[in-house]
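Tertiary structure, described
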Amino acid sequence: MLRVGYYAALAGTLPELQHVHDHNRRPDPHHLRHCFDYLRQALMCAADTNLEPVDFDLGGVTGWRFEKTCRNFEAVKGWAEKWRSWDEGVADGDGDMVDEGGVD
């Protein structure tokens, strides 16, 4: 939903999408606020607490040469596909339904 709202805002079509009847495809302000809050909560709950070593010559951190362990995104995506609640596909930035292979 955030991507739909973002791309609609860029294209100047956000007001037009307010007339879409399906709440799951309408990026209204309440829905977008909910999505941002959900993202905030997810970041807070799964925050990366690793500290990066300071490079004193640089005067900060580079974000490089520091090992991290990431989640297996394909496993997460597979779980989400298995348990999703509808099979209608996904919408692009204009709210049009697209083949899931076309969404990046």
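What you see is a predicted model, and the numbers here were worked out from it, not measured in a lab.

A few words on the overall build of the protein chain. In terms of regular secondary structure, the protein chain is built from four helices and two strands. From first element to last, N terminus to C terminus, the protein chain shows the α and β order α-α-α-α-β-β. The proportion of buried residues among the 104 residues of the protein chain is 14%. Here the contacts in the protein chain between residues at least 6 apart in sequence split such that 37% fall between residues at least 24 apart. About 8,800 Å² of surface is accessible on the protein chain, with carbon and sulfur atoms providing 58% of the total.

Tallied over the entire structure, the rule returns three salt bridges. Between lysine 77 and glutamate 74 there is a salt bridge, and its shortest N-O distance comes to 3.7 Å. Pair noted here: lysine 77 and glutamate 74 are both in helix α4 (residues 73-83), with a separation of three residues, about one helical turn. Overall, lysine 77 belongs to the partly exposed group, its relative accessible area being 42%. With a relative accessible area of 52%, glutamate 74 lands in the exposed category. In this structure, glutamate 81 engages arginine 84 in a salt bridge whose closest nitrogen and oxygen atoms are separated by 3.5 Å.

Rules used throughout
- Residues numbered from 1 in each chain as written.
- Predicted model: local features only at pLDDT ≥ 70, side-chain atom pairs only at ≥ 80, totals over all residues.
- Heavy atoms only, no water.
- Helix = DSSP H or I, 4+ residues; strand = E, 2+ residues; numbered from the N terminus.
- Buried < 20%, exposed > 50% of the residue type's maximum accessible area, 1.4 Å probe, protein only.
- Contact = heavy atoms within 4.5 Å.
- Areas by Shrake-Rupley, 256 points an atom, 1.4 Å probe, with all protein chains shown as cover.
- Salt bridge = Lys/Arg side-chain N within 4 Å of Asp/Glu carboxyl O.

The values are spatial; any link to function lies outside them.
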